[in-house]
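Next come the chains, spelled out residue by residue.
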Amino acid sequence: SQKIEQNSEALNIQEGKTATLTCNYTNYSPAYLQWYRQDPGRGPVFLLLIRENEKEKRKERLKVTFDTTLKQSLFHITASQPADSATYLCALDDNQGGKLIFGQGTELSVKP
Amino acid sequence: GAVVSQHPSRVICKSGTSVKIECRSLDFQATTMFWYRQFPKKSLMLMATSNEGSKATYEQGVEKDKFLINHASLTLSTLTVTSAHPEDSSFYICSARSGNLNTGELFFGEGSRLTVL
């Protein structure tokens, strides 16, 4: 069966450290993968998109990797800040008309 | 970035009534919009793909007669929860793509929290 899983429901780290979130998928062949941030009671906000032929993508303190052999994407936030505390969702296309399928999310908490 | 507006943000209704949620793309035209449902601390579950000028495409297990979707124009899609029951209480979120349908980022509305008493 098809699955998209994020490694943990919750991740607690100290301010200034690097947060690393994992997204694994099974029985999908996505052309790209996206990461979103969601704050409580709000809709998700797009952060980064990485294509299957890209190994790594960066945007300010954010870095995403995509390994199609391992079927895994890693999402890093360097020099984390309490304001980075939120739920982070990975999503991939299912090659059917542009639909995005989401992982269950990882709730990141950055302590000062 | 593109803006998607969703209304109402919160609605409380009695069991058996119908509720309509609107989703508008404010500064771009969206031929396709997506409706998601989210339970507390759970992921977004795709309910249906709303296509402008044609019938929505529903995901497996989603009742078409329960969740009526209309995409009347390039900037407006509506979701009507008919004969709502307490189990329909959830967070409903719409989204749309600006640009390339297959690769563009999704812009989400702020979500609508439905509580059925």
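Look up a bit, the structure's there.
Before going into details, it helps to say that this report is about the structure given with it. Here the structure is a predicted model, which means the values were calculated and not measured.

This paragraph deals with the overall build of chain B. Within chain B, the secondary structure is distributed over 0 helices and 11 strands. Start at the N end of chain B and walk to the C end: the helices and strands fall as β-β-β-β-β-β-β-β-β-β-β. In terms of overall dimensions, chain B is globule-like: its C-alpha atoms have a radius of gyration of 13 Å, near the 13 Å expected for 117 residues. Classification of the 117 residues of chain B by burial places 51% in the buried group. Across chain B, the mean location of the 12 positive side-chain charges is 6 Å away from that of the 10 negative side-chain charges.

Before going further, it helps to spend a moment on the pattern of salt bridges. Inspection of every chain in the model, using the stated rule, returns 9 salt bridges over all chains. A salt bridge links R58 of chain A to E56 of chain A; the nearest nitrogen and oxygen atoms lie 2.9 Å apart. Overall, the relative accessible area of 59% leaves R58 of chain A in the exposed class. Residue K66 of chain B pairs with D88 of chain B through a salt bridge whose shortest N-O separation is 2.7 Å. On the criterion of sequence distance, the pair formed by K66 of chain B in the loop between β6 (57-58) and β7 (67-73) and D88 of chain B in the loop between β8 (76-81) and β9 (90-97) is long-range, its members being 22 residues apart. We note that K66 of chain B, like D88 of chain B, is buried.

Moving on to the sheet that holds β8 of chain B. Residues and elements named next belong to chain B. Pairing is antiparallel across the open sheet formed by 4 strands, whose spatial order is β1-β3-β8-β7. What marks the edges here is a single partner per strand, and that holds for β1 (4-7) and β7. Neighbour to neighbour, the strand axes of the sheet diverge by 15° on average, direction disregarded. Sheet topology places β7 next to β8; 5 bridges connect them, and they run antiparallel. Bridged to N70 within β8 is T78.

Take the state of the cysteines next. Scanning the entire structure with this criterion turns up 2 disulfides over all chains. Sulfur-sulfur distance for the disulfide between C23 of chain A and C90 of chain A comes to 2.1 Å. Between C23 of chain A and C90 of chain A, the S-S torsion sits near 65°, and that sign places the bridge as right-handed. Highlighted residues: C23 of chain A in strand β3 (residues 19-26) and C90 of chain A in strand β9 (residues 86-93), separated in sequence by 67 residues. Assigned by exposure class, C23 of chain A and C90 of chain A land together as buried. Of all cysteine sulfurs in the structure, the one in C94 of chain B sits closest to C13 of chain B, which takes part in no disulfide; the separation is 18 Å. For C13 of chain B, a relative accessible area of 10% gives the class buried.

Attention now goes to the packing of aromatic side chains. Inspection of every chain in the model, using the stated rule, returns 11 aromatic pairs over all chains. Relative to F108 of chain B, the ring of Y36 of chain A lies with its centre 5.6 Å away and its plane at 85°, an arrangement referred to as edge-to-face. In this pair, Y36 of chain A is assigned in strand β4 (residues 32-38) and F108 of chain B in strand β10 (residues 106-108), connecting two distinct chains. With a relative accessible area of 0%, Y36 of chain A lands in the buried category.

The next point concerns the interface of chain A and chain B. Each partner contributes to the interface: chain A provides 20 residues, whereas chain B provides 22 residues. Considering only the surface of chain A that becomes buried against chain B, P44, K99 and F102 of chain A emerge as the three largest contributors, covering 26% of it. Inspection of the chain A/chain B interface yields 2 salt bridges. Of the charged contacts in the structure, one is a salt bridge between K99 of chain A and E59 of chain B, with a shortest N-O distance of 2.9 Å. Inspection of the chain A/chain B interface yields 8 residue pairs in polar contact (both at pLDDT 80 or more). Listing elements by their share of the side of chain A that touches chain B, those giving two or more residues are β4, β5 (45-51) and β10 (100-102) of chain A. Residues of the side of chain A that touches chain B, tallied by class, amount to 8 nonpolar, 8 polar and 4 charged.

Basis of the calculations
- Residues numbered from 1 in each chain as written.
- Chains lettered and ligands numbered in written order.
- Predicted model: local features only at pLDDT ≥ 70, side-chain atom pairs only at ≥ 80, totals over all residues.
- Heavy atoms only, no water.
- Helix = DSSP H or I, 4+ residues; strand = E, 2+ residues; numbered from the N terminus.
- Rg over C-alpha atoms; globule rule 2.2 N^0.38 Å.
- Buried < 20%, exposed > 50% of the residue type's maximum accessible area, 1.4 Å probe, protein only.
- Lys, Arg positive; Asp, Glu negative; His and termini not counted.
- Charge placed at Lys NZ, Arg CZ, Asp CG, Glu CD.
- Salt bridge = Lys/Arg side-chain N within 4 Å of Asp/Glu carboxyl O.
- Pairing = 2+ DSSP bridges.
- Axes fitted to C-alpha atoms, helices over the stretch in contact; angles between N-to-C directions.
- Disulfide = S-S within 2.5 Å.
- Phe/Tyr/Trp six-rings, centres within 6.5 Å; stacked < 30°, edge-to-face > 60°.
- Contact = heavy atoms within 4.5 Å.
- Buried area = accessible area lost by both parts, 1.4 Å probe.
- Polar contact = N/O pair within 3.5 Å; in protein donor to acceptor, adjacent residues only side chain to side chain.
- Nonpolar A, V, L, I, M, F, W, Y, C, P; charged D, E, K, R; others polar.

Scope: geometric values only; no functional claims are made or implied.
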